[in-house]
Amino acid sequence: MTEPELLPKAVRKVAEDAQARGVEIAIVKTEKSARSAQEAAEAVGADVGQIVKTLVFQGKQSGKALIVMMAGDGRVNEKAVAKLIGEKIRRPDADFVREATGFAIGGVSPFGSNHPLRYLMDESLFRFETVWAAAGTPHHVFPIAPDVLCNATGAEKAAVS
């Protein structure tokens, strides 16, 4: 793990938010980019399913941001998500993602968002003891138990794949 003062601001924000939620995370800097689930899995030597894709959606009617945490080997069923939240969703642009979360696409973390957000966590992530999530940049990730991640973010466990 890198010394905290040497970490990028976005990564420090992730670590501080996790700690404020009662979770200690060990952030790992990857040599290669971990922008995609496949890249992240290769970088940490994990199964692609163990990679948490932290995806941002936007409610079509409300305009509100929503985080869906999905296994790296899964795809979000947008109709299932819409049914759960009571409105259709869309994929927002990069500016919306950065405004809602404070992170660029490829580094969106479950911890450290700019605003309180609603979280859904796909049930498929719970088949693993440990999953890996982005820590604010495409080169920083952290391992965590799925139930710890779910509880710390206040995510709703749901079948969204």
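Note that this is a predicted model, so its numbers are computed, not measured.

S.K.: For this particular structure, what's the right way to read the packing of aromatic side chains?
M.R.: Each pair of aromatic rings is reported with the distance of its centres and the angle of its planes. One pass over the full model with this rule turns up one aromatic pair. Stacked on the ring of Phe103, the Lys or Arg Lys13 has its end atom at 4.7 Å from the ring centre. Taking NZ or CZ as reference, Lys157 lies 4.2 Å from the ring centre of Phe126, over its face.

S.K.: Honestly, helix H4 (residues 94-101) in this entry has me stumped. Any pointers?
M.R.: Two residues of an α-helix separated by three or four positions point the same way, owing to the 3.6 residues in each turn. Here H4 has its buried residues at Phe96, Val97, Ala100 and Thr101. All buried residues of H4 fall inside an arc of 105° around its axis, so they share one side. Lining the buried residues of H4 we find helix H1 (9-20), strand S2 (52-59) and strand S3 (65-71). Taken from the residues just after H4, Gly102 is the one with a positive phi, measuring 90°.

S.K.: Help me understand the nonpolar core in this model?
M.R.: Soluble globular proteins tend to pack their nonpolar side chains together in the buried interior. Counting 33 residues, the largest nonpolar core has Ile25, Met69, Phe111, Phe142, Ile144 and Leu149 as its most contacted members. Broken down by secondary-structure element, the contributors of at least two residues to this core are H1, S2, S3, H4, strand S5 (118-122), strand S6 (131-134), strand S7 (140-144) and helix H5 (146-153). Of all hydrophobic cores here, the second largest spans 12 residues; its members include Phe57, Leu66, Met70 and Ala158.

Quick notes on the rules
Every chain is numbered on its own, with residues counted from 1 as its sequence reads. It should be noted that, the model being predicted, local features are given only for residues of pLDDT at least 70 and side-chain atom pairs only at 80 or more, the latter also being counted only at that level, while totals for whole chains, interfaces and linings use all residues. Calculated side-chain values reflect all of the structure's heavy atoms, with hydrogen atoms and water omitted. Two rings from Phe, Tyr or Trp (for Trp, the six-membered ring) form a pair when their centres are within 6.5 Å of each other. A pair whose planes differ by under 30 degrees is stacked, one over 60 is edge-to-face, and the rest are tilted. In this scheme, Lys NZ or Arg CZ marks a charge over a ring once it lies within 6 Å of the ring centre and within 35 degrees of the ring normal. With a 1.4 Å probe rolled over the protein chains alone, any residue whose accessible area is under 20% of its type maximum counts as buried; one over 50% counts as exposed, and the rest are partly exposed. Where helices and strands are cited, they refer to DSSP runs of H or I of at least four residues and of E of at least two residues respectively, numbered from the N terminus. The arc in question is the one spanned by the directions pointing from the helix axis to the C-beta atoms. Any two residues whose heavy atoms approach within 4.5 Å at even a single point are treated as in contact. We define a nonpolar core as any set of buried Ala, Val, Leu, Ile, Met, Phe, Trp, Tyr and Cys residues linked to one another through side-chain atoms lying within 4.5 Å.

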